[in-house]
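# Close look at the chain arrangement
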Amino acid sequence: SYLVLDSLRHQTQDVLKEQFAFDVLMGFSAPSKFLPSKYFYDATGSRLFEQITELEEYYPTRCEFEILNKVGGEIAEFMQGKPFEIVELGAGDGRKTKVLLSQLLKLTDQFSYIPIDISESAMADLDDSLKQSHPSLTTHGIVGDYFASIRHLENTSDRRKLVLLLGSNIGNFDFPSAKRFLHSIWKCLNHNDLLLMGFDLKKDIEVLTRAYNDKHGITRDFNLNVLTRINTELDGEFDIQRFTHHGMYNPRHGAMESYLVSLEHQEVHIGALEKTFEFNAHEAIHLELSHKYLLSDMQHLAEQTGFSVLKNWQDSQCYFADGLWQV
Ligand code: AVI
C-alpha cells in the first residue's frame, strides 16, 4: 500500500510546465547555457537511464549491487534486534534495494519498508512487484517529495530509521546544494537514526569517460532527450541531429560533466516562451555534473552536515562505495 501526500496533489501539470519553461528561459539566457539535469527524468528519460544502468561501460549500478549483496548481516547488527524502518529516498523500481531487503529478511522480520518516490506510477509498480517478490514484507510507500515525506514520518513513527540514498544520486548536486540537502535530511531525523549513502569513487579517468560515453549511444540519447522534451512540452523546434553529446571528466571539480554541443550556428524558436534562441557553432549547453569522491571527501561532507561515518563498504574493484552514517 502507499500514500499520496497532499502537498504533491497541488503541483498541477500547469505549475510544473511553467517551472520547466522558466528554467529553460534562465538556462538559455545565461552567458554559458545550461539546463538542470532533473529534466532528464520524464518517462522516456527514466527508461533510458534504466538502460544505462545495464550497459557494460556503466559500472556504478553493478558495483552497488555487489556491495548491497554483502552488507545485510552487518546492517542487521547495527540495528541490535530492535524494530526499525527502512526509508528509501527515490526508490524508483527498487531493483537494488530488493537485494538488501532479501538479505535482511533472512535475519530479521523486525522492519518495514517505506519507499518514497515522486512518481505515483513508479510507486504503484514497485508496490505490485514487492507483493510478488517479498510477500512477507510490510511496505508503506509514500508518493511525495523527500522532505515532506520524511517530515510526515517524523509525526507517525518513533521507530529507529535507516534511510537509503543509493545510486550516487548525491553526485548530481553541486556542492552547496548537496550540503543543504544532507543537512535537511539530518534535521528530519532523530538521534541514532542511520543513513546508507551510495557514492561513486574517484578512479581511472578512462573508466569514467567510457561510462559516460557508451558505444551504443544510450547516454547520448539520454542527454538529447531533454531537447525532445522541450519540443513536445514547450513547443520547441530543436533539430536534435544538430547537437552532439560530450561527456568529460573535470579533475579540478572531481566530476563528470555532460554537455550538448551545437554542431552549427542555428536559431531555435520555443513556442511556450515566444522566443528564439541563438546557438553558435561549437557552443555548449551544460547539462549534468556527476561528482566522484574520495572516502575522505565524503567523510568531510558527512561531518559538515551533522552525521558521523560508522563504516564504508566498497566493491571488489573499489569503484563505488556505500557509507553508513549516523545522526
Ligand atoms: C542518476 N545519476 C546518479 C547518474 C550518474 O551517473 O550521475 C545519471 C547518469 N548520467 C549519465 N549516465 C548516468
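Presented here is a report on the structure given in the accompanying data block. (Residues numbered from 1 in each chain as written. Predicted model: local features only at pLDDT ≥ 70, side-chain atom pairs only at ≥ 80, totals over all residues. Heavy atoms only, no water.)

Turning to the nonpolar core, a few remarks are in order. Judged by nonpolar contacts, the single largest core of 63 residues is most densely connected at Phe 28, Leu 196 and Ile 230. Here this core takes 7 residues from helix α11 (residues 218–234), the largest share from any one element. With residues near it in sequence (within four places) discarded, Leu 196 still touches Leu 68, Ile 75, Leu 100, Leu 162, Val 163, Leu 164, Leu 165, Leu 166, Trp 313, Asp 322, Gly 323 and Leu 324. Membership of the second largest hydrophobic core comes to 30 residues, among which are Leu 89, Ala 178, Ile 185 and Cys 188. (Core = buried A, V, L, I, M, F, W, Y, C linked by side-chain atoms within 4.5 Å. Buried < 20%, exposed > 50% of the residue type's maximum accessible area, 1.4 Å probe, protein only. Helix = DSSP H or I, 4+ residues; strand = E, 2+ residues; numbered from the N terminus. Contact = heavy atoms within 4.5 Å.)

Looking now at the pairing of strand β10 (residues 266–270). Burial of the side chains of β10 is restricted to one face: Gln 266, Val 268 and Ile 270 are buried, whereas none of Glu 267 and His 269 on the reverse face is. Note: β10 against strand β11 (residues 275–279), 5 bridges, orientation antiparallel. Paired with Ile 270 across the strands is Lys 275, a residue of β11. Taking the residues that link successive antiparallel strands as the turn, the β10-β11 hairpin has 4 residues, and the phi of Glu 274 there is positive, at about 50°. (Pairing = 2+ DSSP bridges.)

Attention now goes to unusual backbone geometry. One non-glycine residue, Ser 168, lies in positive phi territory at about 60°. Tracing the chain through its elements places Ser 168 in the loop between β6 (160–165) and α9 (175–188). In this structure, Asn 192 is a non-glycine residue whose phi angle is positive, near 85°. Relative to the elements of secondary structure, Asn 192 occurs in the loop between α9 and β7 (194–200).

Now for the site of the ligand. Around the ligand sit Tyr 41, Phe 49, Ile 52, Tyr 58, Gly 167, Ser 168, Asn 169, Asn 172, Tyr 212, Phe 222, Glu 288 and Ser 290, and those are all the residues in its vicinity. One of the side-chain nitrogen or oxygen atoms of Asn 172 is found 2.9 Å away from a nitrogen atom of the ligand. The separation between a nitrogen atom of the ligand and a polar side-chain atom of Glu 288 is 2.9 Å. Its free accessible area being 340 Å², the ligand has 97% of it covered by the protein chains. (Near = heavy atom within 4 Å. Polar contact = N/O pair within 3.5 Å; in protein donor to acceptor, adjacent residues only side chain to side chain. Areas by Shrake-Rupley, 256 points an atom, 1.4 Å probe, with all protein chains shown as cover.)

The 3 strands lie next to each other as β8-β9-β12, forming an open sheet whose pairing is antiparallel. Two strands lie at the open edges of the sheet, namely β8 (243–250) and β12 (284–291), each paired on one side alone. Neighbour-to-neighbour, the strand axes of the sheet open up by a mean angle of 20°, direction not taken into account. (Axes fitted to C-alpha atoms, helices over the stretch in contact; angles between N-to-C directions.)

Honestly, that's just the spatial picture; any functional story needs more than this.
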